[in-house]
Structure formats: structure tokens, C-alpha cells
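# Report on the structure
What follows is the residue order along each chain.
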Amino acid sequence: MAATPRARTTTKAAPTGGKASAKKATPTKRGSGKAPVDDHAKSASGRKSIDDTAGRAAAAAYGEQVSFARGKRPSDKLSKAELVQMYRTMVLARRFEELVIDQYREGNLPGFVHVAIGQEAIASGVGHALGDDDFIGSTHRAHAHIIARGSNVEHLMAEMMGRITGVCQGKGGSMHMADMSRNVVGANGVVGSGAPMMTGVALAQKELKTGNVAVAFYGDGASSQGNVHEGMNLAQIWQLPILFILENNRYAESTPTWQTVPVDDLTVRGAAFGMKTFAVDGNDVLAVYDTTAVAAEYARAGNGPVYIVAETKRLSGHYVGDAEVYRPKGEAKAARQTDPIPAFRAQLLERKVPERDLKAVEAEVEETMERAVEAALAADFPPAEDAMKHVYAEYPYPGPVLGL
Ligand SMILES: Cc1ncc(C[n+]2csc(CCOP(=O)(O)OP(=O)(O)O)c2C)c(N)n1
Ligand SMILES: [Mg+2]
């Protein structure tokens, strides 16, 4: 995986969050980073008993989109090669998960699997805006996040299949894979637990003065979990270098968000902690990149945490095998119109990236993934006598521990 650009931009986010006087976001045109209109508003307006006017007012002040003067977006500095790498990350994550679905159906992949098809722009935009030494903590839907950190897809696929060549020697599987060689502290089966976990990682970065930031991904469902609120609260109290990135796909399993969250605009949850908060179109990879770059620079400079709400759509079921009977008619088809991969491909062509370069990337990803599946299928399972190894940390820990 090619190196990602290190986004230590000096571009200022405007306006600054947390001020009631904050100016609303300006961009409106396509690709400008404006978060999409809430297409679930109809469902949400069916809720009569909760008046969220106050929440909306607060969100108007806090949930800004980052706006930039002409030519000042961090992504303006990306070379064509870097843009193509961002595209490759998205295509790689998509193909990885398509093959995961195939292998699951073939019976080669045990456990319970969640894919993030449709959400790749968030993974790629965040992954490419971070530095190599930054940390991420993910969720039960982690593959794309980890791939965007540059983890080896052969080892990830082997992990999915419980093989000894896996990134955790086949003992983690989809929901518990970690890759400390890429500062991936872990996927997580316990919804919301990435927030307090990464708050701890961020505390370590602050104490050790590493200059690194921690990123905690979580979903709209997780945003109601107590542990998320505890993590955000402590991070703000201690002014830690952490980005809380909420991927708002508007479902928790089969339950639409409007049935479980009493506010329509989730940015208000950052406002509750007085936290700098951004809203972004999570299907626009460059907008995600820009927002993350600004947020990471802010947190890295010691200004405290940033909360980012990225609107997106899950184009697959909650888990592989989900019949999705809970989806309103036509929703899945409509969602496919906003698929971030063809959208970014079109944007690259508009920016005069030659189509042959994109085709070459697509072919290379295909080959890479075919090889990864073959290698995983050919690898051994870990020996039974290793079952109790690596359950508890061994001291002295062989490292690496948080970059020490
Ligand atoms: C603490 C905990 N509660 C419940 C679950 C069951 N569960 C797994 S995924 C999920 C939905 C999470 O929704 P969201 O946070 O929006 O993430 P998404 O699945 O949309 O990516 C739930 C409730 C769990 N794994 N852990
Ligand atoms: Mg969700």
C-alpha cells in the first residue's frame, strides 16, 4: 500500500466550533463537502412526542462543515498519484469485502461478518489524512478502516478465515482484528467501546508528547452508548488529541436511527461536550480528507478533541446474510445512486486523471485480492495447543506498545 499523504496542513478551519456565533458552512455545490439533506426526514417528522428545536439550534452552531478559501483545501495539494491512491484504497476495500461475502457463502469464513460496502469514502478519506504514527480504533465494521491504514490484505483475508498467517494469527477474525504494525488498535465487537479505548490511547499520546492523534470510529447506534459519552467527556476534560468519527449510516442493525436517537442532527452530541464539531458528506472522499486533515491538525496542536459526523449509506445488509426486510421500498436502489466509488471515479476523470490509470488500479486490485484469497485458503489453521496463547498480555510485553 502506498504511503498516504501526511496532512499537517496549515489551512485553517473556518469557522471554529463551539461558538454560538459560528458562521454556517458555505459550500453548496457538488463535491464541496456539504452534508446531504436528511432523506429520512419524513420518518423522523413522524415522531410527534419529542421537540428537538433546541437540539437543532445547537447543531446549527456546532455542526459546521469546514469551509476553505479558494484553492486552500488540503486536498488541493494532493498530487494525481495521491488521488489515485485514495481511489485504490476504496476499490481495494470494496473488492476485499465482496470477496469476503463470496467466501462466507462458500463456507470458508467462520463467524459473523459485517461489511461496510458504501462507506469506503470515510475509511479512505480519514486513512489518507492521518500520519503513519497516528492510531485508529474501529468497530464491528472495520475492514475498510484497517485497509485504509495500509494493512496487508493477504494477512487480513487470512485472519478472516482463521488462518495462522492472519494479522492476529487467525485468532481475532473479522470483529477482533488488530494490526499494531499499522497502529490499528483493533476492530471491536462491543458497540461503542472504541471511544473509551481510543481516549486511553490519546491520553498516552498526550502524556508521552508523541504528537500523534487517535481516531475512534463508531456508528449512529453506538452514539447512544454510555461508554461513548464517557470517552468523549474525558477526552474533552483532558483536552486529548482524538478525533471521534461518527459514521451515520442511519441504521443500528435493523433499527433506523430516528427510532432510537431523540435528535435528528447528531452533531448536537458533540455540542453537548462543548467539543469542536464538524459535519461532512461521508460519501465525498475529498471532503472527508479535508475535514479530517483540519481536525487532526487542530487536535495535534493541543486544542483538544474533534467530533466529526459523516453522513453515509450502508449499501449492504447489517451482516452478511441479512435479508434487509426492514428497508423501506426503493431505499436500497436510491442509496446506490450515491455510491462513493463511481462518484470519485467520475471526479478523477474530470480532474484529467487518465482512465487507463484507473483501469490499471482496478486490475491490480483484482489480482491482489485474488492472490490474497488463494493464499488464505492455502494457509494452515493455528495449532490447537496455541488456543490459550495470546489471551493475556505477557510481561515484559514484547512491544510495540503505543509507539514506545
Ligand atoms: C454493547 C453492544 N450492544 C449491542 C450489540 C449488538 N450490535 C451489534 S452491531 C449493532 C448496531 C450498531 O449500530 P451502529 O453503531 O450505527 O453501527 P453500524 O452497524 O451501523 O455500522 C448492535 C446493536 C453489541 N455488539 N454490543
Ligand atoms: Mg449505524
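Attention in this report is confined to the structure presented alongside it. (Residues numbered from 1 in each chain as written. Chains lettered and ligands numbered in written order. Predicted model: local features only at pLDDT ≥ 70, side-chain atom pairs only at ≥ 80, totals over all residues.)

Take the nonpolar core next. Inside soluble globular proteins, nonpolar side chains tend to come together where they are buried. Core analysis: the largest hydrophobic core is formed by 101 residues, its most contacted members being M198, V215, I242, L243 and I308. Contacts of V215, omitting those with residues within four sequence positions, involve V126, L130, D134, F135, I136, M198, L243 and I245. (Core = buried A, V, L, I, M, F, W, Y, C linked by C-beta atoms within 7 Å. Buried ≥ 20, exposed ≤ 12 C-beta atoms within 10 Å, placed from the backbone. Contact = placed C-beta atoms within 7 Å.)

Moving on, we come to unusual backbone geometry. One non-glycine residue, Q169, lies in positive phi territory at about 55°. Structurally, Q169 is set in the loop between α6 (153-160) and β2 (184-186). With a phi angle near 50°, Q239 is a residue other than glycine that sits in the positive phi range. Note on placement: Q239 falls in the loop between α8 (226-237) and β4 (242-248). (Helix = DSSP H or I, 4+ residues; strand = E, 2+ residues; numbered from the N terminus.)

Our focus in this paragraph is the sheet that holds strand β1 (residues 135-137). An order of β2-β1-β3-β4-β8-β7 is seen for the six strands of this open sheet, with the pairing classed as parallel. Whereas interior strands pair on both sides, the edge strands pair on one side only; in this sheet they are β2 and β7 (276-281). The mean inter-strand angle of the sheet, taken between neighbouring strand axes irrespective of direction, is 20°. Relative to strand β3 (residues 214-219), β1 runs parallel, the two being bridged by three bridges. (Pairing = 2+ DSSP bridges. Axes fitted to C-alpha atoms, helices over the stretch in contact; angles between N-to-C directions.)

Below, the discussion takes up the site of ligand 1. Residues in close proximity to ligand 1 total 16 residues, the closest being V191, G219, G221, A222 and A252. Within the residue set of the shell around ligand 1, elements represented by two or more residues are β3 and β5 (251-252). Residues that form the shell around ligand 1 fall into these classes: six nonpolar, seven polar and three charged. (Near = placed C-beta within 6 Å. Nonpolar A, V, L, I, M, F, W, Y, C, P; charged D, E, K, R; others polar.)

Our next topic: the pairing of strand β8 (residues 306-311). Within a regular beta strand, the side chains point alternately toward one face of the sheet and then the other, so they alternate between its two faces. Within β8, six of the six residues are buried, leaving the element largely enclosed by the surrounding structure. Of the two faces of β8, the one lined by V306, I308 and A310 and the one lined by Y307, V309 and E311 are each fully buried. Sheet topology places β4 next to β8; six bridges connect them, and they run parallel. Bridge pairing links F244 to Y307 in β8. In this sheet, β8 lies alongside β7 in parallel orientation, the contact comprising six bridges. Each bridged residue has a counterpart across the sheet, and for A279 the counterpart in β8 is V309. Note on the crossover from β7 through helix α10 (residues 285-300) to β8: the handedness is right-handed. (Right-handed = clockwise from strand over helix to strand, strands pointing away.)

Residues that lie three or four places apart on an α-helix share one face, since the helix turns once every 3.6 residues. The terminal C-alpha atoms of α10, which comprises 16 residues, lie 22 Å apart, in line with the 22 Å expected from a rise of 1.5 Å per residue. Within α10, 15 of the 16 residues are buried, which leaves it mostly tucked inside the rest of the structure. Residue G302 follows α10 closely and has a positive phi angle near 90°. (Expected span 1.5 Å × (residues − 1).)

Look at helix α3 (residues 80-106) against helix α4 (residues 120-129): their axes get within 9 Å of each other, and the N-to-C directions meet at 135°. Judged by the angle between their axes, α3 and α4 are oblique. Viewed along their axes, α3 and α4 form a crossing whose handedness is right-handed. Listed contacts from α4 to M86, T89, M90, A93 and R94 of α3 are E120, A121, A123, S124, G127 and H128. (Parallel < 35°, antiparallel > 145°, perpendicular 65-115°, else oblique. Left-handed = near helix turned anticlockwise from the far one by under 90°.)

Between two packed helices, the angle of one axis relative to the other and the distance separating the axes together describe the packing. Two elements in contact, helix α7 (residues 194-208) and α8, have axes whose closest approach is 7 Å; the angle formed by their N-to-C orientations is 20°. The angle between the axes of α7 and α8 places the two elements in the roughly parallel class. At the point where α7 passes α8, the crossing takes the left-handed sense. Along the contact surface, α7 presents A195, P196, T199 and A202, while α8 presents N227, V228, E230, G231, M232, L234 and A235. Of the residues in the contact of α7 with α8, the class split is seven nonpolar, three polar and one charged.

Right, let's talk about the pairing of β7 for a bit. Counting buried positions along β7 yields six of six residues, so the element is predominantly enclosed. Of the two faces of β7, the one holding K276, F278 and V280 and the one holding T277, A279 and D281 are both buried throughout.

When the terminal C-alpha atoms of α7 are compared, their 21 Å separation across 15 residues agrees well with the 21 Å that a helix rising 1.5 Å per residue should span. For α7, the full list of buried residues reads G194, A195, P196, M197, M198, T199, V201, A202 and Q205. Tucked into the core, α7 has its buried residues touching β1, β2, β3, α8 and β4.

Checked against the element boundaries, E247 lands in strand β4. Taking the C-alpha atoms as reference, E247 lies 9.8 Å from R314; in sequence the two are 67 residues apart. Apart from the residues within four sequence positions on either side, E247 is in contact with Q119, I122, F217, G219, G282, A310 and T312.

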